Each structure stands twice: as C-alpha cells, then as structure tokens.
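As a plain string of letters, each chain reads:
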Amino acid sequence: MQKIKSLMARQGLKSPQESMSDLSPVENLRIPSKEELRELREQPIDPQAEQEMIESIAEVYYSCDSFDMVKHELEKLPPELDLQELEDHRDTLKKQQAAVSKKVADLILEKQPAYVKELERVTALQTNLQLAAVICTNARRQLGVSKEGFTEASLGLLANQRKRQLLTGLLKSLRTIKTLQRTDVRLSEMLEEEDYPGAIQLCLECQKAASTFKHYSCISELNSKLQDTLEQIEEQLDVALSKTCKHFDVSHYTKVQLAYTLLGKTQTAMDQLHMHFTQAIHNTVFQVVLGYVELCAGNADTKFQKMQYKDLCTHITPDSYIPCLTDLCKALWEVMLSYHSTMQWHEELDNKEGPATQDGGASAGADESVVDRSYVKKKLEHGLTRIWQDVQLKVKAYILGTDMSNFKYDDFIVVLDVISRLMQVGEEFCGSRSEVLQESIKRQSVNYFRNYHRARLEELRMFLENETWELCPVKSNFSIAQLHEFKFMGQCHSPSLSPSRQAGTGAAGGDLSLFQQFLLEGNPFEMHIENKEEETEDVLASNGYESDELEKNVFQDYDSDSDVPEELKQDYVDEQTGDAPLKSVSRETMRSHKKSDYSLNKGTAPILTNTTLNVIRLLGKYMQMMNILKPIAFDVIHCVSQLFDYYLYAVYTFFGRNDMYESSGLGLISSRLRTTLNRIQENLIDMAADPASVVTAGVEDRKEKVPTPHLSQLVVLTKSGTLYGLAQRVVATESLVFLAEQFDSLQAHLDSMMPAVKKPFLQQFYSQTVSTASELRKPIYWIVAAKAIDYEQMLLMMSGVKWDIREIMSQHNVYVDILLKEFEQFNAQLGDVSRQVRIPLAVSNVLWEHCIRLANRTLVEGYANVKKCSNEGRALMQLDFQQFLMKLERLTDLRPIPDKEFVETYIKAYYLTENDMEQFIKNHREYSMKQLANLVNVCLGSHINKKARQKLLSAIDDIDRPKR
C-alpha cells in the first residue's frame, strides 16, 4: 500500500479516499454503475489527454482534506449567469473526476497482483531468511568461481538495459508526437465553438512541445502545420473582431480581446478594430442607400452596385428620401453605439486591472500590460473624432445628393429634425460641433428656404388679393400657442433643442444621454415617423356671441335685433368640444361699453382674418426652422420681417393711401411710419413688375421683390351705408395690430435665436416697423371720418348766416343741429357696423377724434369765410360752439374734445388789440394764411385801422413767404 501511495505521489495524484473527500456530498454518494465502469474501461486510452486533464485540476483541490469544493465552485460563478457556460464548466469537472477515478482504478488494478505477490514473498522471505544465510555463504564461496564466468553476460545485460531505456524514451516521444498530430481536430472544434483563447493557448502549447522534438524530421512538417493553423486562427479572430462593429456583445468581445492578449497583439487588434469600424460605416451606408435606390428603380439592374456612394446618393427619389435618411441614421447609430460600448468595456477593464497592476509590482509583464492599455486608451479617444468625421462625410454626401428645394415644409422639417438629432449624437459621442453637417444642412436650408419664402410671399399676395376682409371667428381665448406651428415652443424652452430631442429627454429619460437611454434597446431615430402623424387641429370656430340669452339682453338694451342674421347671434364656439364657453358678463357692463366700445360682448375675441392666421402659421413654421437650425436664423428672421412688411404695406395700400393727408394738416402719417412705408416700397415692392411675368423675371433683384397687391373687387369702400367699408377697414387694421402684438410677444424668443452681431437688425425691425402698426389707424380711419359727415354742407349753411347782428342772440343757428344730426347718424352707423365686427375702444376713439377734429376745423373755416362780423356775431359763434360741444359730449366719451381750443382761440382772437393780434399771428401757426387774413380784415373798422391792418397783413405774408 505504501508503494502505491508513493507511486501516486510521484505522479501528483491522491488516494481514492482523498479524492472522493474533495467531492460534494451529492457526488460522494453517487457510485458509478457497472455500465459506467464498463464504459470507462472500454473508452480508448489516451494517456496524454488523460494526463493533461489531471494536470488541469486546480491546485486548490489538493490543498487540504477540509476543502469545500461546492463553496469554491459557487464563489467562482460570474455575476451574470450563462446556462451554456455553466453546463460547459460542469462537463469539464465531470471529465476531470472521470480522469482521476480512471487513473486511480487503473493504478489499483495494475498494482493489486503485485501487492498480493509481494505479501506472499514477504512471508516466504521470512521462511527463506534462514536458508539465505547458508546460500550466501555458499554463494560467496562460489562467487569467485562465477565472477569470471559471468562478466561477459553482465555487460550484455547492461547493454540491453540501456537500449530498453532509450526505447522507452522514444516511445514516450512518439506518443507525444501522435498527440500533437491529432490537435488539429480539437483546434477545429474550438474554432467552431468560437473558443478563440482556448484554441490559441492549445496551439501555442503544441508549438512549444514541438520545439522540444524538433530533432525529428516529422516535426518540421508539424511545425509548419501549426503555424498555418495559428494564422488561420488569427484570420478567424479578425473576422470575429469585425462583427463587434455593428452588434457589440460583451462575452464575444471579451473572448476576442483575451485571444489577442494571448497572441501578444493587443495594439494590432486595436488598429484592426478601427479599420473595421471605418469599413463598417462605408459598407453600412452603401447597403442602405443601394437598397432604396434599387427598390425605387424597380428593376434588377446591377449598375448601381458599381457606383460610388456619392453618385448613388443622387439617385434617391424624394418619396424615399426621408425613410432612407432615417434608416441611414439608425444604421450609423448602431455603429457608433458599438464603438461607445467598446470604449466602456475597456474603461471597465482599466478600472479592474489598474489597481491590480499597481499592487503586483514592477514586473516586465505588468509594464507591458500598462503600455498596452495606455495605447488602447489613446487609440480609442483619437478614434472618436475619426469615426464621427466619417459619419459626417457620409451623411453630408447624402444630404447634398438631392435637391430639397421642392420638398414639402413638413418633410423638410423632418429632415432638419433627423439631422439635428444626429448632431446631438455627435456632440455626446465625441463633443463635436458637427461643422461638416451644419455647413451641408445650412446650404440645403438656405436654398430651400429661399424658394420656400418666395413661394410664400407669392401665396401671401394671392391671399391678400382675394381677401374680403371678413372676420375670421376664433374662440375667445385664442392664442398662437394653440396652433400646431407653435407647439415646439411648449415642448422645448431652449431654442437649441428640437421637438424630437425634447421627446427623447422626457420624464422617462431624465438627464441620461442618448447612449445611456438606448444602450440596450431602441433607437433615437425611431420617433420621427410617429411624431409626423400626430395631431390635427383647427382653431377656427363658429362665429357669434357667447350666450344666446346674453345676446338677447344686450340687443334689447342697445337696439332691435330683428334685422340681425341668426348666425351673428352665435358666439365663438370651442373648436375641440363644440360648446360655447359661458362668461359672466353683467348687463351693466354691457351698457358701460355702449358708448365707448362698440364691441358688445365680443370684447375678448381677437380680430383677425384668414390671411392673418396664415401669416401667423407661417411665422410659427419659420421659427420652428430657426429653432432646429440656428445657422440660418438671421436669414429666416429677415424673411419673417418681409412677411410683416408686406402685410402692413398691403393694409396701407388698400385702406390708407390718400392724397389728402398732407393738405389736411392733421399729421396723420408720422415721419417714422412714412420712412417705414418708403423702405418697404423700395426694398420689397416691385413697382414695375407685370403680374403675369413676375415669376419668370430674369433680373436678380426683382426676384427678391413682390408686386404691389390689389384690393379684391368684392371689397366695396365707396358705399356710405357701410361707412365706406368701415367693417373691412376695422378687420384689416386691427388684424395688423393683432399681428404686431403677436410679434411683440415673440420678440424675446426671436432675440435668443439671433446671432449677437445680427441682433441690431431685429431691434430695428421692432422699433421701426412692428411698433408702427397701430399708427396706421389714423390715416385709414380718417378716410371714413372725412366722408361720413357732410362738412361741405355745413360750410354752405354757415355762409348763409348773418354775423353782423346788433343784438345778442339766445338761440343757436340751424347748422349746429344739422351737424349734430350727422353725428347722431354716424353714431348709429357705428352701432350697425359693430354688429358685424367688434369695434375696439381705440378704434372708436380714433374715429370720433377724426370726426370732431374735422368738424372743428370746418367751423373755423366757416368762421374764416365771414365778411362782416360784430361783437354780437362773435358771441353767437361762441353760443353755437358751446351748443355743439354740449350735445356732442352726450354722444361720445372721448375726453377732452379734440381741437376744442382751436375753435375757441380763433373766436376769441376777434377781441385782440393790434399788438396782441400781431403776437397772436406769430404764435399760432396752426391757422392758415386765409384764416389769419380774414381775422384781420373782419376786425377792420372796429378796433383796427387801415395802417394796422396793412402791418398785420405784412406780418402774415412774412410768415407765409418761407413756405413758398
């Protein structure tokens, strides 16, 4: 038994009892069946494989009797379990157990007869010891005789023994060589299983063993075969490395990197990896684009496969452009995600091996590992920019390969959104600002936007020329935020974020980057098609009042509604529910609005037209384009200003242009408004263009201009019954004011998207154009005021009044009653118009101001036509004017009465002395020369003599001379 143990000790084995004690209780209780023992015995004997299997058993299994194998195996399990790996490891343990059991059984069976025989010999030895002494004695005696006789035989025996030993060594070598010859089968199996580290390790061990037997001629051929096998393994390893570029798998990549580490080619592997990533980008984009090109071509022509990628991109049709772009970005995302995961894998490896290397001392292997990791880290960091640059160039070629100038707006916004998301990916991938993508999309955007804006201006001209200036009913709480074109402002408060980007960084994503969100599944480019078909909305609602009962009460208080169409009694209905929103508006509130604001209970509904709504929608679209692509923000805002300019110019041209402005002396058009109108006419309006040929005009500067719009023939501004189109004028003017208010509300947002150097343009646009919208009220409503009341009839009636009376009158003249009757009729007409469209307080104030101002100036003009006038006549003038003011104040809430002092001062000037009159003439330039001259002439004979008259007339002439 001691010999068996010593034999096992020399072979590195333990006794069966000790081996069995190392097994778990479950394995210890299980006794192999006879069939299994028979199979073990019948299995082909491979001593070398059996020996390798035994040697592969970890040293810890031989450490001590108390060793817990189950605990040891459980602790070795990785955090994430893989059933296949567990089954493989279990099979390995079973194979090791079978090898040990078989080895022990073989040794026991082999040595058992010798053991029995040895016991018998021991027993016989005791019996023969006594005979041995006698034999020894006889032997010694006969030794001398035998010495010479056996010398030759002994030498022969030694020679045979030596030969035996040589043959034994040769047999061992031959067995090893035979094992080496069979390793190619195992290597093939390992490669099929993708066990690259095991295959390389086995191949290296075989090469090492082969170098030991290189003195055999057959080994040289084997060495060559092993070298070929190793090269084949490296080729397959390179193929396996390339697979990680599209679909990164941690276990697969770990095997590949371990294999390259065993080969000592970590740095070479990293160089190859970057080459594969570059190739993957090229192959991926080419296959995606080729697939769409062949699909659209509809034939099996293979000419496309031989094209260059840049040429292939030019064959993409507009219908397939967006799906192809989306798939292209999805495929490129997969490549970049694989690269990002590769970097993460190496970072985690550095975090694990970094401290271990520092604790392991400064060995040569540790130094080499540090150098390799440093090289890999730098290579990966430099590769980020290179990979992203390749992606940008491929996408740039695709973007510039198609002319997008005729794309639909929504489609172009989707393109911008996809590219914006791709630029965000690039920023998170390597911190790049994506200059290549920005420049290419800017080129396309400028080209697209120039054509798009030109078409929109022509469309706006068509809208304006067909606009009947009827009220577009919207719900009372309408705001531009309800329009789809402005939804992006609610989704992202930062101008740098696109709608899709905001959707990707919602509540589910938090502050995670795109690579963190979509690491395991999903793709950041999958949401665009879903968002494209989201919502349908119509902000238009039925026209009318908010409550039928309220409307009834209002009209009972104000006037009879028997002649009002039924549809005008409805209110603005909520566009989504169809219900009329109720508001608590008291009758007293309505009465308080009767005189000052003809809006009735429509006071909260904005006044706008279909064209206004169209311009606002265009503004939203333009801002959305700015929001997605900041580099063209200035070009877009410049076009936005042209939309507003053209709308303002059209309203002025249709309703406000009149040659009587200057002669009225009322200062209706301010210098700022006049400058703005002149600028618009010079820069935007093509005054000489023929509407039929404007689109095909060849002059470059005329391409940037739009013909003057013409008012629709359906709009009649000459009927006195409608107050000369007052309803249309109110809708046009107040829609412009509403549009200006919306521009004001968006100024901060527009300013945030403007480049710093271009912000003065925006400020100038607001200060010189937008702010002048309300100033158009004066010239537009002045035309109504000038025609609504017959001022010429009043002059005629005043000329028939006798003013040189000698007694003070207590009754005013008839012309005052006629004038007041005209104002009452005007007030009634305003009420009629207000049933069609709300007349805001500011509008009614302007109308009343114009009418009163014109009436007062007509009074002064009438008084200036008087040939003779007495003090009693002047008193009658004052009586007439006071009667006019008293009755007028009952009709309007406008305070103070405009130009009241203008009339009173002129009447009172009759009483001035010569010196005071001269000072009066110099100080009151607001009166005409005729009015001042008449004042002097009428005073002649009463308190001014001829000499004084001549002096005063000369003073008037001196004042008038510079004007001439």
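Computed from a predicted structure; not experimentally measured. (Residues numbered from 1 in each chain as written. Predicted model: local features only at pLDDT ≥ 70, side-chain atom pairs only at ≥ 80, totals over all residues. Heavy atoms only, no water.)

### Here's the deal with the overall build of the protein
Then comes step 1: The number of helices and strands found in the protein is 39 helices and 2 strands.
Then comes step 2: Taken over 964 residues, the protein has a buried fraction of 44%.
Then comes step 3: Summing over all exposed atoms, the protein offers an accessible surface of approximately 51,500 Å²; the carbon and sulfur share of this is 52%. (Helix = DSSP H or I, 4+ residues; strand = E, 2+ residues; numbered from the N terminus. Buried < 20%, exposed > 50% of the residue type's maximum accessible area, 1.4 Å probe, protein only. Areas by Shrake-Rupley, 256 points an atom, 1.4 Å probe, with all protein chains shown as cover.)

### Focus: the packing of helix α23 (residues 610-628) against helix α24 (residues 633-655)
The relative placement of two packed helices is expressed as an angle between their axes plus a distance between the axes.
Then comes step 1: Interaxial distance between α23 and α24 falls to 9 Å at its minimum, and their mutual angle equals 170°. For the element pair α23 / α24, the angle class is roughly antiparallel. In this structure, α23 uses T611, T612, V615, L618, L619, Y622 and M626 to contact α24, whose residues at the interface are A633, V636, I637, C639, V640, L643 and Y647.
Then comes step 2: Residue classes in the contact of α23 with α24 are distributed as 12 nonpolar, 2 polar and no charged. (Axes fitted to C-alpha atoms, helices over the stretch in contact; angles between N-to-C directions. Parallel < 35°, antiparallel > 145°, perpendicular 65-115°, else oblique. Contact = heavy atoms within 4.5 Å. Nonpolar A, V, L, I, M, F, W, Y, C, P; charged D, E, K, R; others polar.)

### With respect to the pattern of salt bridges
Then comes step 1: Within the structure shown, the criterion is met by 24 salt bridges.
Then comes step 2: Of the charged contacts in the structure, one is a salt bridge between R456 and E459, with a shortest N-O distance of 3.4 Å. A residue pair is termed a helical-turn pair when its members lie 3 or 4 positions apart in one helix, as R456 and E459 do in helix α16 (residues 435-466) at 3 residues.
Then comes step 3: Relative accessible area serves as the criterion here: at 15%, R456 is assigned to the buried category.
Then comes step 4: Residue classification places E459 among the partly exposed positions, given a relative accessible area of 25%.
Then comes step 5: Its salt-bridge partner being R679, residue D645 comes within 3.3 Å of it at the nearest N-O pair. With D645 in helix α24 and R679 in helix α26 (residues 671-683), this residue pair connects regions lying 34 residues apart in the sequence.
Then comes step 6: The class of R679 is partly exposed, set by a relative accessible area of 28%. (Salt bridge = Lys/Arg side-chain N within 4 Å of Asp/Glu carboxyl O.)

### With respect to unusual backbone geometry
Then comes step 1: R895 connects to P896 through a cis peptide bond whose omega is -10°.
Then comes step 2: By secondary structure assignment, the location of P896 is in the loop between α35 (871-891) and α36 (900-908).
Then comes step 3: One non-glycine residue, S434, adopts positive backbone phi at about 55°.
Then comes step 4: Along the polypeptide, S434 turns up in the loop between α15 (409-430) and α16.

### Description of a negative patch on the surface
Then comes step 1: The grouping of D82, E85, E87, D88, E192 and E193 at the surface amounts to a negative patch.
Then comes step 2: Tracing the sequence through the fold places D82 in the loop between α6 (69-75) and α7 (83-192). (Patch = residues over 30% accessible without salt bridge, like charges linked within 9 Å, V, L, I, M, F, W, Y side chains within 5 Å. Lys, Arg positive; Asp, Glu negative; His and termini not counted. Charge placed at Lys NZ, Arg CZ, Asp CG, Glu CD.)

### Quick notes on the nonpolar core
Then comes step 1: Residues F823 and F884 are the most contacted members of the largest nonpolar core, which totals 231 residues.
Then comes step 2: For this core, the element with the highest residue contribution is α24, accounting for 16 residues.
Then comes step 3: Excluding anything up to four places from it in sequence, F823 contacts I789, W848, C851, I852, A855, F884, L888 and L891.
Then comes step 4: If you look at the next biggest cluster of nonpolar residues, it comprises 8 residues, including I57, A99, V100 and V104. (Core = buried A, V, L, I, M, F, W, Y, C linked by side-chain atoms within 4.5 Å.)

### Section: a nonpolar patch on the surface
Then comes step 1: Together, V70, L74, L77, L81 and L86 make up an exposed nonpolar region whose accessible area comes to about 410 Å².
Then comes step 2: Relative to the helices and strands, L81 resides in the loop between α6 and α7.

### Some remarks on the packing of aromatic side chains
Then comes step 1: Summed over all chains, the structure comprises 33 aromatic pairs.
Then comes step 2: Residues F277 and Y339 carry aromatic rings whose centres are separated by 5.0 Å and whose planes lie at 75° to one another, so their mutual orientation is edge-to-face. A residue pair is termed long-range when its members are at least 10 positions apart, and F277 in helix α11 (residues 266-297) and Y339 in helix α13 (residues 318-359) qualify at 62 residues.
Then comes step 3: Relative accessible area serves as the criterion here: at 0%, Y339 is assigned to the buried category.
Then comes step 4: Taking the centre distance of 5.6 Å and the plane angle of 80° together, the rings of W469 and F655 count as edge-to-face. Here F655 lies in helix α24 and W469 lies in the loop between α16 and α17 (487-491), a separation of 186 residues in the sequence. (Phe/Tyr/Trp six-rings, centres within 6.5 Å; stacked < 30°, edge-to-face > 60°.)

### Quick look at the packing of α24 against helix α30 (residues 759-768)
Then comes step 1: Across the interface, α24 lies against α30 with an axial gap of 11 Å and an inter-helix angle of 10°. Between α24 and α30, the crossing angle belongs to the class labelled roughly parallel. In this structure, α24 contributes F634, I637, H638, S641, F644 and D645 to the contact, and α30 contributes F761, L762 and F765.
Then comes step 2: In the contact of α24 with α30, the residues fall into 6 nonpolar, 2 polar and 1 charged.

### Considering α30
Then comes step 1: Along α30, the residues that are buried comprise L762, F765 and Y766. Viewed along the axis of α30, the buried residues span an arc of 90°, placing them on a single side of the element.
Then comes step 2: Of the surrounding secondary structure, the elements contacted by the buried residues of α30 are α24, α28 (726-745) and α29 (747-753). (Arc of directions from axis to C-beta.)

### A word on the side chain of T342
Then comes step 1: For T342, the location among the structural elements is in helix α13.
Then comes step 2: Not counting residues within four places of it along the chain, the set of residues in contact with T342 comprises F248, Y253, L273, F277 and L380.

### Here's the deal with the confidence of the model for the protein
Then comes step 1: Mean pLDDT over the protein works out to 78, with 77% of the residues at or above the 70 mark.
Then comes step 2: For the protein, the element scoring lowest by mean pLDDT is helix α21 (residues 548-558), at 37; α28 scores highest, at 94.
Then comes step 3: In this model residues 493-510 is a low-confidence stretch, pLDDT under 50, and it forms 36 contacts with partners more than four residues away in sequence or in other chains. (pLDDT = per-residue confidence, 0-100.)

### Considerations on the environment of A933
Then comes step 1: Here A933 shows up in helix α38 (residues 929-939).
Then comes step 2: With 22 residues separating them along the chain, A933 and A955 place their C-alpha atoms 9.9 Å apart.
Then comes step 3: Not counting residues up to four positions away in its chain, the partners in contact with A933 are L953 and I956.

### Concerning the environment of G431
Then comes step 1: Summarising the element assignment, G431 is placed in the loop between α15 and α16.
Then comes step 2: Taking relative accessible area as the criterion, G431 reaches 55% and is therefore assigned exposed.
Then comes step 3: Along the primary structure G431 and L384 are separated by 47 residues, whereas in three dimensions their C-alpha atoms are 9.3 Å apart.

### Regarding the environment of Y649
Then comes step 1: Structurally, the position occupied by Y649 is in helix α24.
Then comes step 2: Overall, the relative accessible area of 1% leaves Y649 in the buried class.
Then comes step 3: For Y649, the residues in contact, after removing those within four places along its chain, are R657, L677, I680, Q681, I685, M687 and T708.
Then comes step 4: Side-chain polar atoms of Y649 contact the side chain of R657, separated by 3.0 Å. (Polar contact = N/O pair within 3.5 Å; in protein donor to acceptor, adjacent residues only side chain to side chain.)

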